[in-house]
Amino acid sequence: MDSLNLERPPRGGAQDLFYSKANTRGLPTIVRGEGIYIFDDRGNRFIDVISGAMAASLGQGNERVLKAMYEQGMKHTFSYVRVSRHLPNAALTERVSRLAGAGFERVHLSSGGSESVEMAIKFLRQYSYAKGNKDKTRIITLMPSYHGGTLATIGWTGDEDAASVWGPMAVFGEKIPAPLSYRPPFGTTSEDGSRGAAAALEAKIIELGAENVLAFMMEPIGGQSTGANVPHPIFFSEVRRVCDKYGVFLVFDEIVSACRSGKFLAAHHYPDCKPDVVITAKGLGATYTPIGAMMASAEMVDELADLTGFNLSHTYNANPITCAGAAAVLDEMVDRDLIGNAAMLGEKLKARLEGIKDNSPIVGDVRGQGLMLAVEYVRDKMSKEVFSGDIYASDRIRQIGVENGLMLYSRRQNGGRYGEWSVVCPPLIITEDQIDDLANRLERTIAAFVDEMVRAKVL
Ligand SMILES: Cc1ncc(COP(=O)(O)O)c(C=O)c1O
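In this text, all values refer to a predicted model and were calculated from it rather than measured experimentally. (Residues numbered from 1 in each chain as written. Predicted model: local features only at pLDDT ≥ 70, side-chain atom pairs only at ≥ 80, totals over all residues.)

**Here's the deal with the domain arrangement of the protein**
When the domains of the protein are assigned, the result is domain 1 (3–61 + 337–455) and domain 2 (63–335). Relative to domain 2, the C-alpha centre of domain 1 lies at a distance of 26 Å. Contact residues are listed per partner, giving 34 residues for domain 1 and 32 residues for domain 2. Secondary structure elements with two or more residues in the side of domain 1 that touches domain 2: helix 1 (51–54), helix 12 (338–359), strand 11 (363–369), strand 12 (372–377) and strand 15 (420–424). (Domains from an automatic or database assignment. Contact = placed C-beta atoms within 7 Å. Helix = DSSP H or I, 4+ residues; strand = E, 2+ residues; numbered from the N terminus.)

**A look at helix 3 (residues 87–100)**
The end-to-end C-alpha separation of helix 3 is 20 Å, in line with the 20 Å expected for 14 residues at 1.5 Å each. Backbone geometry just after helix 3 places Gly-101 at a positive phi near 90°. (Expected span 1.5 Å × (residues − 1).)

**With respect to the site of the ligand**
As a structural note, the neighbourhood of the ligand is formed by 14 residues, with Gly-112, Gly-113, Ser-114, Gly-148 and Gly-223 the closest of them. Broken down by element, the shell around the ligand gets its largest block of residues, 3 residues, from helix 4 (residues 113–130). In terms of residue class, the shell around the ligand is made up of 5 nonpolar, 7 polar and 2 charged. (Near = placed C-beta within 6 Å. Nonpolar A, V, L, I, M, F, W, Y, C, P; charged D, E, K, R; others polar.)

**Looking at unusual backbone geometry**
Negative phi is the rule for most residues except glycine; trans is the rule for most peptide bonds. Put simply, Met-143 and Pro-144 share a cis peptide bond, and its omega is 0°. Assignment of secondary structure puts Pro-144 in the loop between strand 5 (138–143) and helix 5 (151–156). Look at Met-54: it is not a glycine, yet its phi comes out positive at around 60°. As for its position among the elements, Met-54 is in helix 1. A tally of 22 C-beta atoms within 10 Å means that Met-54 is categorised as buried. With a phi close to 60°, Lys-457 is a non-glycine residue in the positive phi region. (Buried ≥ 20, exposed ≤ 12 C-beta atoms within 10 Å, placed from the backbone.)

**Some thoughts on the pairing of strand 11**
Judged by how many residues are buried, strand 11 sits mostly within the fold: 7 of 7 residues are covered. By the bridge criterion, 6 bridges tie strand 11 to strand 12 in an arrangement that is antiparallel. Residue pairing for strand 12: Arg-367 is matched across the bridge by Ala-374. (Pairing = 2+ DSSP bridges.)

**Let's talk about the sheet that holds strand 9 (residues 277–280)**
Adjacent strands of a sheet pair through backbone hydrogen bonds, lying either parallel or antiparallel. A sheet is described by the order of its strands in space; here 7 strands give the open sequence 4-10-9-8-7-5-6, paired in mixed fashion. Across the chains shown, the open sheet's two edge strands, defined by having one partner strand only, are strand 4 (106–110) and strand 6 (174–177). Averaged over all neighbouring strand pairs, the angle between strand axes comes to 25°, with direction disregarded. Relative to strand 6, helix 7 (residues 190–208) is tilted by about 155°, and along the sheet it contacts strand 5, strand 6 and strand 7 (213–218). The strands touched by helix 8 (residues 233–246) within the sheet are strand 7 and strand 8 (249–253), with strand 8 carrying the most contacts at an inclination of about 140°. (Axes fitted to C-alpha atoms, helices over the stretch in contact; angles between N-to-C directions.)

**Let's talk about the sheet that holds strand 14 (residues 410–412)**
Within the open sheet, the 4 strands sit side by side as 11-12-15-14. Their pairing is antiparallel. Strand pairing shows two members of the sheet lacking a second neighbour, strand 11 and strand 14, which therefore form its edges. With direction set aside, neighbouring strand axes in the sheet form an average angle of 20°. Sheet strands touched by helix 12: strand 11, strand 12 and strand 15. Its angle to strand 11, the strand with the most contacts, is close to 170°.

See below:
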């Protein structure tokens, strides 16, 4: 079948036919994967720098996970969670809860990130409603941020351009400035920015009336929307204090950051800021199976079950094959200490990226934690000016990366108003040698882009 190479096949075709043509020219057709590598139909090999979609923590072809799913499917393929129970469900949630620690004894499973975000917010709404706090509906999130692509999660996502298309249909939540460390929204330092953003949260709650505010939701380490932004530690203690003061739930969207930051949850880096609810998804299924999870305390879940219960579900929630796959993913994580690997090799990779930054005129910032890192590109390191939109530096770097054996993913956030970057999130099974190879290739890729810009007299 060679129709994937046709511009417009007569019928069918790959998913990218739905995307903007400008962004899909020259996409490789992947035919094979092995460990951290994917291979196209021309025999080219790429390091999967972005782990699929910041999700393929175990890389490609993990036998233990695939075998667990196959064996579960042969034993018991499916039964519906509304009318029966099954052991793979309980086995997985026990593992997740044990890794998440005290305060996260209950785990609600769904089919992916956006669905889990919705489940978390709906759970909190149902809990508040059942307890008589019926006015609590308002959600506060960060600008920029990402919480999903369903109509509800588009409304909570911090994207300045989303309202023009989706405004009349999605209900847009309230936004406060994200505490961006490289481009602080207040003052000049990361700490100033974080203190200012926490103060903005308090001001927003007062403006809306605490009795109306259900939750504040944030990514403890930003994903693609901020390029692995890590707020200053003061932000965490401050948002916990503010949420406690006004009776607002604190939700961590750890759909990307769980398993990647060097601890199971990024929340574990901040013992004085335990969220009320945590959501995870990508690393849990590691791309082998679509899954998401929402974790809360036994106290809250059991209390709600005694009142009205949280009676929402989707067909594929907690299905046995998915549960068996995700349990095997977590067993691999634990047995191979891949979370420790993320901490150790994340430091090595970050040091290599810092070295690239020191020698490159266009790498303005390197940030992130564990194996959740990003490189931000600027036209001028002093002023932090971004490249113009017609250059679209991060995407041009992605294209040059393909020629250098790298599968990168670029983001120019809100037309470059928040900057542009490549996220560097390789599979957690990466080795030290492979990190050096990745960094060398990225250095060559960025240098080739700089040469192009010098020739075009942009630099
Ligand atoms: C932080 C964050 N939240 C939510 C989502 C939505 O997850 P999904 O694409 O599985 O619906 C994503 C996806 O990239 C994400 O990065």
